[in-house]
Amino acid sequence: WLKGIERLLPAPASPARLRARRVRMAKAAKGSKAGRKTQEPVTRDYTVHLHKYLHKTQFKKRAPRAIRAIRRFAEKVMMTKDIRIDTKLNKFVWSNGIRNIPHRVCVRMSR
């Protein structure tokens, strides 16, 4: 039964592999030391696929959760915590009521 165990153990790393890994890690550390870049103003268009975010959500929570999903999406792609949702976008999400949310929404985001 010992013969099967050696297949489960990881193969020892060669010295060249270790050196390559060390060099890659050193380069990454040097780049991150420079600091964070300033965020320039930018405007982009995105399509938020709400249907995917609202899967298995009860009816009376769909529209509020869709707004939160848009907010979370914008936070992730624009890399900022300050998110303001326009009233037109809010009205579009709520246009079919609390239950029937549009499957996709095209949004223009600016930072």
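Refer to the structure presented above.
The structure presented is a predicted model; accordingly, all values stated were derived computationally and were not measured.

Criteria and cut-off values
Residues numbered from 1 in each chain as written. Predicted model: local features only at pLDDT ≥ 70, side-chain atom pairs only at ≥ 80, totals over all residues. Heavy atoms only, no water. Helix = DSSP H or I, 4+ residues; strand = E, 2+ residues; numbered from the N terminus. Buried < 20%, exposed > 50% of the residue type's maximum accessible area, 1.4 Å probe, protein only. Contact = heavy atoms within 4.5 Å. Salt bridge = Lys/Arg side-chain N within 4 Å of Asp/Glu carboxyl O. Core = buried A, V, L, I, M, F, W, Y, C linked by side-chain atoms within 4.5 Å. Phe/Tyr/Trp six-rings, centres within 6.5 Å; stacked < 30°, edge-to-face > 60°. Lys NZ or Arg CZ within 6 Å of the ring centre and 35° of its normal. Patch = residues over 30% accessible without salt bridge, like charges linked within 9 Å, V, L, I, M, F, W, Y side chains within 5 Å. Areas by Shrake-Rupley, 256 points an atom, 1.4 Å probe, with all protein chains shown as cover. Lys, Arg positive; Asp, Glu negative; His and termini not counted. Charge placed at Lys NZ, Arg CZ, Asp CG, Glu CD.

Asks: Just to check I follow, could you spell out the overall build of the protein for this structure?
Replies: Looking only at helices and strands, one finds 5 helices and 2 strands in the protein. The N-to-C order of helical and strand elements in the protein reads α-α-β-α-α-α-β. Sorting the 111 residues of the protein into buried and exposed places 20% on the buried side. Sequence separation of 24 or more characterises 72% of the internal contacts of the protein that already satisfy a separation of 6 or more.

Asks: It is not clear to me how the pattern of salt bridges should be interpreted in this structure. Could you clarify?
Replies: If the charged atoms of two oppositely charged side chains come close together, the side chains can form a pair. Summed over all chains, the structure comprises 3 salt bridges. Note that Glu 75 and Lys 81 form a salt bridge whose closest N and O atoms lie 3.2 Å from each other. Residue class for Glu 75 comes out partly exposed when judged on its relative accessible area of 29%.

Asks: Would you explain unusual backbone geometry in this entry?
Replies: Trans peptide bonds make up the majority, and among non-glycine residues the majority have a negative phi. Even without a glycine there, the phi angle at Lys 56 is positive, about 60 degrees. Even without being glycine, Met 79 reaches a positive phi, approximately 55 degrees. Mapped onto the elements of the fold, Met 79 is located in the loop between helix 4 (62–78) and helix 5 (87–94). A relative accessible area of 55% places Met 79 in the exposed class.

Asks: Looking at this structure, how should I read the nonpolar core?
Replies: The nonpolar side chains of soluble globular proteins are, as a tendency, buried together. One finds Val 48, Leu 50, Val 93, Ile 101 and Met 109 to be the most contacted residues of the largest nonpolar core, which totals 18 residues. Taken together, the elements giving at least two residues each to this core come down to helix 4, helix 5 and strand 2 (104–110). Ranked by residues supplied to this core, first place goes to helix 4 with 8 residues. Not counting the four nearest positions on each side in its chain, Met 109 is found in contact with Val 42, Thr 43, Arg 44, Tyr 46, Val 48, Phe 73, Ala 74, Val 77 and Met 78.

Asks: Help me out: how do you make sense of the packing of aromatic side chains in this one?
Replies: The relative placement of two aromatic rings is captured by the distance of their centres and the angle of their planes. Enumeration over the complete set of coordinates arrives at 1 aromatic pair. Taken together, a centroid distance of 5.6 Å and an interplanar angle of 85 degrees make the contact between Tyr 46 and Phe 73 edge-to-face. Residue Tyr 46 is located in strand 1 (residues 43–49), and its partner Phe 73 is located in helix 4; the two are separated by 27 residues in the primary sequence. Taking relative accessible area as the criterion, Phe 73 reaches 14% and is therefore assigned buried. Over the aromatic face of Tyr 53 sits the side chain of Lys 52, whose NZ or CZ is 5.5 Å from the ring centroid. If you follow Arg 99 out to its NZ or CZ, it ends over the ring of Phe 59, 4.2 Å from the centre.

Asks: Help me understand a positive patch on the surface in this model?
Replies: Among the surface-exposed residues, Lys 61, Arg 65, Arg 68 and Arg 72 lie close enough to one another that they form a single positively charged patch. Judged by relative accessible area, which is 31%, Arg 65 ranks as partly exposed.

Asks: Explanation requested: the environment of Thr 47 in the structure shown.
Replies: With respect to the secondary-structure elements, Thr 47 resides in strand 1. Among the residues examined, Thr 47 registers a relative accessible area of 44% and is labelled partly exposed. The spacing of Thr 47 and Val 105 is 58 residues in sequence and 5.5 Å in space, taken between C-alpha atoms. Among all residues touching Thr 47, those that are not within four sequence positions of it are Arg 104, Val 105 and Cys 106.

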